[in-house]
Amino acid sequence: MNTLEFSVLVWLGSISAGLLGALTGLGGGIVVIPMLTLLFAVDIRYAAGAALISVIATSSGAASAYVRDGYSNLRVGMFLEVATTFGALAGAALAAYISGSRIAVIFGVVLLFSAYLSFRKRRNPRSDAPPDRLAAWLRLDSTYPAPGGLCSYHVQGVPPAFGLMFVAGTLSGLLGIGSGAVKVLALDWAMHLPFKVSTTTSNFMIGVTAAASAGVYLSRGYIDPGLAMPVMLGVLIGSLVGARVLEKVDSAALRLVFCAVIVVLGIEMIFNGLTGRL
């Protein structure tokens with residue numbers, strides 16, 4: 001396989017990854033990295049570096065639209081970004097000292113955990129929940145657009161969410177993914193944010209977290225432009241197509257298929273990591 005054929009195949013595979021990531025909200029990196037490591041035998045650190053670049057590109061475009069429309073909670077995002085950025089720097093630094101096989105096993109576990117969370121029913125936040133003292137002091141409570149006008153909500157559970165975001169940032173830096181599964185725990189289950197607010201705020205944060213990790217990967221030489229470019233372009237195209245397709249597909253059936261795919265990928269990553277094939 002020559003360079004052109006390799007780039008085209010990676011680009012096509014990245015389009016599929018971006019499409020699936022957009023349709024499920026888990027991000028394209030969660031499919032790109034297994035694809036690169038299992039199908040193309042790319043070192044997992046270089047795969048993570050390429051995935052981080054794609055995360056920055058796809059997150060930036062969508063985040064600006066969500067902020068403009070008033071869905072993202074900027075105060076929550078900027079506050080929790082302190083934890084995710086420090087976690088991302090720590091995870092990216094750890095990537096140089098942990099073997100590729102162990103990283104593959106960790107990635108497989110995160111895939112299985114993501115599949116579990118995508119099936120778990122999201123909690124509907126209580127509209128009558130009392131204000132949280134710390135959230136009120138930080139002025140994190142806000143509103144979001146709804147069919148009947150602006151809907152207000154109270155932010156809860158700030159300390160556990162901050163700790164979970166550090167874990168999410170560490171996984172993002174170590175594995176090169178958006179760590180959407182852990183962010184769901186922090187924003188949905190700890191802070192009790194409305195669904196649209198949590199997903200848009202998470203998207204706003206992912207790009208900043210990835211940028212912090214990518215700087216460390218770049219300094220260590222783990223970002224190859226020849227690999228990162230087709231991955232970035234493919235995931236970007238796939239995510240744009242996925243955003244348009246999302247309104248026309250059966251989300252329940254899609255989630256079932258995608259969960260089956262990432263469970264298989266997770267088991268494969270764990271197996272290959274334990275047997276030393278990655």
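All of the points below concern the structure found in this document. On a predicted model such as this, the values are computed, not experimentally measured, just so you know.

Description of the pairing of strand β2 (residues 149–153)
By the bridge criterion, 5 bridges tie strand β1 (residues 142–146) to β2 in an arrangement that is antiparallel. Following the sheet pairing, Tyr 144 is matched in β2 by Cys 151. Hairpin connection between β1 and β2: a loop of 2 residues separates the two successive antiparallel strands.

Brief notes about the packing of aromatic side chains
Counted according to the given criterion, the structure contains 5 aromatic pairs. Geometrically, the ring pair formed by Phe 6 and Phe 40 is edge-to-face, given 5.5 Å between the ring centres and 85° between the ring planes. With Phe 6 in helix α1 (residues 3–24) and Phe 40 in the loop between α2 (29–39) and α3 (44–69), the pair connects residues that are 34 residues apart, well separated along the chain. Judged by relative accessible area, Phe 6 falls into the partly exposed class, the value being 24%. Centre to centre, the rings of Phe 79 and Phe 162 are 5.2 Å apart; their planes meet at 45°, and the pair counts as tilted. In this pair, Phe 79 sits in helix α4 (residues 74–94) while Phe 162 sits in helix α7 (residues 158–175), placing the two residues 83 residues apart along the sequence. Its relative accessible area of 25% is what places Phe 79 among the partly exposed residues.

Notes on the packing of α4 against α7
Two quantities define a packed helix pair, namely the angle between the helix axes and the distance between the axes. Their axes nearest at 6 Å, the elements α4 and α7 cross at an angle of 35°. Once α4 is placed against α7, the crossing between them reads as right-handed. Residues Phe 79, Leu 80, Val 82, Ala 83, Thr 84, Phe 86, Gly 87, Ala 88, Gly 91, Ala 92 and Leu 94 of α4 form the contact with α7, whose participating residues are Val 158, Ala 161, Phe 162, Met 165, Phe 166, Gly 169, Thr 170, Gly 173 and Leu 174. Residues of the contact of α4 with α7, tallied by class, amount to 14 nonpolar, 6 polar and no charged.

Points about the environment of Gly 29
Looking at the element boundaries, Gly 29 is found in helix α2. Residue classification places Gly 29 among the buried positions, given a relative accessible area of 4%. Between the alpha carbons of Gly 29 and Gly 18 there is a distance of 7.8 Å; along the sequence they are 11 residues apart. Not counting residues up to four positions away in its chain, the partners in contact with Gly 29 are Pro 34, Ala 51, Phe 107 and Ile 177.

Comments concerning a nonpolar patch on the surface
Where nonpolar side chains cluster on the molecular surface, the patch consists of Met 1, Leu 4, Val 8, Leu 9, Trp 11, Leu 12, Met 229, Leu 233, Ile 237 and Val 241 and spans about 890 Å² of accessible area. When contributions to the nonpolar patch are tallied by element, the ones reaching two or more residues are α1 and α10 (225–245). Looking at the nonpolar patch element by element, the count peaks at 5 residues for α1. In this structure, Leu 9 sits in helix α1.

Observations regarding α7
The terminal C-alpha atoms of α7 lie 25 Å apart, and with 18 residues this matches the ideal 26 Å at 1.5 Å per residue to within 8%. If you check which residues of α7 are buried, you get Val 158, Ala 161, Met 165, Ala 168, Gly 169, Thr 170, Leu 171, Ser 172, Gly 173, Leu 174 and Leu 175. Gly 176 occupies a position one or two residues after α7 and carries a positive phi of about 80°.

Side note on the side chain of Glu 81
Tracing the backbone shows Glu 81 in helix α4. Glu 81 sits in the buried class, given a relative accessible area of 5%. Glu 81 has contacts with Met 205, Val 208 and Thr 209, leaving out every residue within four places of it along the chain.

Observations concerning the nonpolar core
In this structure, Ile 33, Leu 36, Leu 175, Tyr 217 and Val 231 are the most contacted members of the largest nonpolar core, which totals 47 residues. Every element with two or more residues in this core is listed here: α1, α2, α3, α5 (100–119), α7, α9 (195–219), α10 and α11 (251–274). Per-element accounting of this core gives the leading share, 7 residues, to α3. Each residue touching Tyr 217, except ones within four places of it in the same chain, is listed here: Arg 45, Ala 48, Gly 49, Leu 52, Ala 92, Ala 95, Gly 173, Leu 174, Leu 175, Tyr 222 and Ile 223.

Calculation rules
Residues numbered from 1 in each chain as written. Predicted model: local features only at pLDDT ≥ 70, side-chain atom pairs only at ≥ 80, totals over all residues. Heavy atoms only, no water. Pairing = 2+ DSSP bridges. Helix = DSSP H or I, 4+ residues; strand = E, 2+ residues; numbered from the N terminus. Phe/Tyr/Trp six-rings, centres within 6.5 Å; stacked < 30°, edge-to-face > 60°. Buried < 20%, exposed > 50% of the residue type's maximum accessible area, 1.4 Å probe, protein only. Axes fitted to C-alpha atoms, helices over the stretch in contact; angles between N-to-C directions. Left-handed = near helix turned anticlockwise from the far one by under 90°. Contact = heavy atoms within 4.5 Å. Nonpolar A, V, L, I, M, F, W, Y, C, P; charged D, E, K, R; others polar. Patch = residues over 30% accessible without salt bridge, like charges linked within 9 Å, V, L, I, M, F, W, Y side chains within 5 Å. Areas by Shrake-Rupley, 256 points an atom, 1.4 Å probe, with all protein chains shown as cover. Salt bridge = Lys/Arg side-chain N within 4 Å of Asp/Glu carboxyl O. Expected span 1.5 Å × (residues − 1). Core = buried A, V, L, I, M, F, W, Y, C linked by side-chain atoms within 4.5 Å.

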